[in-house]
Amino acid sequence: MDRNIIETLLDRYLKGETSKEENGLVESWLEENNNPRSEWQYFNQSRKDQWLADVFGKIQDSIKANEPKVVVMPQREHLWRRLAAVAAVLAICSTLYLEWPALQNRLHPVQLTALTVSLNQQKQITLADGSKVWVNASSQLKYPPQFNGKTREVYLSGEAYFDIKHIADKPFIIHTGKVVTTVLGTAFDIKEDKISHTIKVTVIRGKVSVANGNKQLGILTPNQQISFNILNSMATQTEVDAKQAIAWQKSELHFEDITFAEAASQLEQHFNVKINFGNDKVKNCRFTGTALKGEKLDKILKVICAFNDATYQSKADGSIMINGAGCN
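Only a predicted model underlies this, so the values are computations on that prediction, with no experimental measurement involved.

J.: Which parts of the structure should I look at to understand the overall build of the chain?
T.: Tallying secondary structure elements over the chain gives eight helices and 19 strands in all. Expressed as a percentage of its 328 residues, the buried residues of the chain come to 36%. Across the chain, every contact between residues at least 6 apart in sequence was considered, and the portion connecting residues at least 24 apart equals 47%. Accessible surface, the chain: about 19600 Å² in total, of which carbon and sulfur atoms supply 50%.

J.: What's the story with the state of the cysteines in this structure? I'm lost.
T.: Here, the word disulfide means a covalent bond between the sulfur atoms of two cysteines. Applying the stated criterion to the full structure yields one disulfide. One disulfide in the model links Cys285 with Cys327; its S-S distance is 2.0 Å. Its S-S torsion of about 100° marks the bond between Cys285 and Cys327 as right-handed, since a negative value means left-handed. In this pair, Cys285 is assigned in the loop between β16 (275-277) and β17 (286-291) and Cys327 in the segment after β19 (320-324), connecting sequence segments 42 residues apart. Judged by its relative accessible area of 26%, Cys327 falls in the partly exposed class.

J.: Mind showing me how you'd approach the packing of aromatic side chains here?
T.: Aromatic ring pairs: the centre-centre distance and the angle between the two ring planes describe each pair. Inspection of the entire model under this criterion finds seven aromatic pairs. Pairing Phe260 with Phe287 gives two aromatic rings, centres 6.2 Å apart and planes at 70°, and the pair type is edge-to-face. You can see Phe260 sitting in helix α7 (residues 260-271) and its partner Phe287 sitting in strand β17, a full 27 residues away along the chain. An aromatic cluster of at least three residues, connected via ring pairs, comprises Phe147, Phe162, Phe172 and Phe188.

J.: Explain the pairing of strand β2 (residues 123-126) to me, please; I cannot follow it from the model alone.
T.: If a strand is regular, its side chains alternate between the two faces of the sheet. Examined bridge by bridge, β2 and strand β3 (residues 132-135) share four bridges and lie antiparallel to one another. Bridge assignment links Lys123 to a residue of β3, and that residue is Val135. Between β2 and the antiparallel strand that follows it, β3, lie five residues; Gly130 among them carries a positive phi value of about 95°.

J.: Sorry if this is basic, but what is going on with the side chain of Thr259 here?
T.: Within the secondary structure, Thr259 sits in strand β15 (residues 253-259). Judged by its relative accessible area of 13%, Thr259 falls in the buried class. Discounting residues that sit within four places of it in the chain, Thr259 has contacts with Lys283, Asn284, Cys285, Arg286 and Phe287.

J.: Quick question: what am I supposed to make of the pairing of strand β10 (residues 198-205) here?
T.: In this sheet, β10 lies alongside strand β9 (residues 187-193) in antiparallel orientation, the contact comprising seven bridges. Looking across to β10, one finds that Asp189 is bridged to Thr202.

J.: How should the environment of Gly149 be read in this particular structure?
T.: By the element assignment, Gly149 lies in the loop between β4 (139-143) and β5 (152-157). The spacing of Gly149 and Lys170 is 21 residues in sequence and 8.3 Å in space, taken between C-alpha atoms.

J.: Help me understand helix α8 (residues 297-307), please; the structure alone is not making it clear to me.
T.: Since the α-helix packs 3.6 residues into each turn, any two residues three or four apart lie on the same face. Within α8, burial applies to Leu297, Ile300, Leu301, Ile304 and Cys305. Buried residues in α8, looked at end-on, bunch into an arc of 125°, giving them a common side. Summarising the geometry of α8, the exposed residues directed more than 90 degrees from the buried face are Lys302 and Ala306.

J.: Would you mind showing me how to read α7 here?
T.: Compared with an ideal rise of 1.5 Å per residue, which puts twelve residues at 16 Å, α7 spans 16 Å between its outermost C-alpha atoms and is within 8% of the ideal. What α7 keeps buried is the set Phe260, Ala263, Ala264, Gln266 and Leu267. Angularly, the buried residues of α7 cover 160° about the axis, an arc narrow enough to put them on a single face. Phi for Asn272, located one or two positions after α7, is positive at around 55°.

J.: It is not clear to me how the pattern of salt bridges should be interpreted in this structure. Could you clarify?
T.: A side chain with one charge may pair with a side chain of the opposite charge, provided their charged atoms come close. Throughout the structure, instances matching the rule amount to four salt bridges. Arg152 is paired through a salt bridge with Asp129; the nearest N and O atoms lie 2.5 Å apart. Highlighted residues: Arg152 in strand β5 and Asp129 in the loop between β2 and β3, separated in sequence by 23 residues. As far as burial versus exposure is concerned, Arg152 and Asp129 are alike and both buried. For Arg205, the salt bridge is made with Asp163, and the minimal N-O distance between the two is 2.7 Å. In this pair, Arg205 is assigned in strand β10 and Asp163 in strand β6 (residues 159-163), connecting sequence segments 42 residues apart. By relative accessible area, Asp163 is classed as partly exposed at 25%.

J.: How should I be thinking about the sheet that holds β10 in this particular structure?
T.: Strands pair in a sheet through their backbones, by hydrogen bonds, and they do so in one of two ways: parallel or antiparallel. With antiparallel pairing, seven strands are arranged side by side in an open sheet as β2-β3-β6-β9-β10-β13-β14. The open sheet has two edge strands, β2 and β14 (235-239), and neither has a second partner. Within this sheet the neighbouring strands show an average axis-to-axis angle of 15°, counted without direction.

J.: What is the right way to read the nonpolar core from this model?
T.: Side chains that are nonpolar tend, in soluble globular proteins, to be buried together. Core analysis: the largest hydrophobic core is formed by 28 residues, its most contacted members being Leu141, Val154, Phe162, Phe172 and Phe188. Ranked by the residues each element gives to this core, the list is headed by β10, at three residues. Contacts of Phe172, omitting those with residues within four sequence positions, involve Leu127, Asp129, Ser131, Phe147, Arg152, Val154, Phe162, Ile164, Thr181, Thr182 and Val183. Counting 19 residues, the second-largest nonpolar core is a separate cluster that includes Phe255, Ile258, Phe260 and Leu267.

Rules of the game
- Residues numbered from 1 in each chain as written.
- Predicted model: local features only at pLDDT ≥ 70, side-chain atom pairs only at ≥ 80, totals over all residues.
- Heavy atoms only, no water.
- Helix = DSSP H or I, 4+ residues; strand = E, 2+ residues; numbered from the N terminus.
- Buried < 20%, exposed > 50% of the residue type's maximum accessible area, 1.4 Å probe, protein only.
- Contact = heavy atoms within 4.5 Å.
- Areas by Shrake-Rupley, 256 points an atom, 1.4 Å probe, with all protein chains shown as cover.
- Disulfide = S-S within 2.5 Å.
- Phe/Tyr/Trp six-rings, centres within 6.5 Å; stacked < 30°, edge-to-face > 60°.
- Pairing = 2+ DSSP bridges.
- Arc of directions from axis to C-beta.
- Expected span 1.5 Å × (residues − 1).
- Salt bridge = Lys/Arg side-chain N within 4 Å of Asp/Glu carboxyl O.
- Axes fitted to C-alpha atoms, helices over the stretch in contact; angles between N-to-C directions.
- Core = buried A, V, L, I, M, F, W, Y, C linked by side-chain atoms within 4.5 Å.

Treat this as a map of the structure, not an account of what it does.
The structure is reproduced here in structure tokens:
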């Protein structure tokens, strides 16, 4: 039997283009040969990896890649059943060879270094490839000592600013929960907000691909941002001022045509304080300004409140209450 015919059938089967009769033949063979498809959904990842590793080992021991294959033609009534059997074997071989590098990584995972930044601190690190990462307060970055594979992958919880060294054939990938951010060489900010259940990716320089698992959410260029809602898996892409997103990295607060509510959110994160509004209309007031490094919260609030005809008061629990007539 011509191998091209076998591969064509296999390709059609995997794409769902085979007939009902052909599907039955292939699936019948799989069941006869103790294929675990009926039990597969109940395997944990370790069990799946071990099963694949065992099968792959057997295939390696019994099949030589360059050795010509001789197929003994069966009786005509069993031709399609045998053909399906060969196609299924090729499917397993093909899948295992393609998936083997990822499987090896799971069976023998690389030990990651964890950089954990405590409250009211920031840390900067240079990775093995020369890329620089600034990790914000209450955040954690996990990274390998060396990038030996075809990709450079790290794991982020919290917020960090990345300035990635360009390596054309080795993309840099950041995992933040379910969100996967892929770049070649660029500067961008990723912020995971566990209170609002969002992950925001903001591009300062270059181009960034953002995905939810295997589903692409968008391609970002400078001054663009994707906000991904973890609860409903909805993503919103907007134009933003990237300087505001990375203001924390420069220890400055930039307020450029933003609302009081947006400014309060930055102040809450920067000073680790809770800010409430006695009148929701105050949240809508807009203003522009910059708070330089070293300025205290009281001084910043005095200036912002003066801009917006508002007042503030420190509560016994340490929180801040903003009051005023507000804006429409």
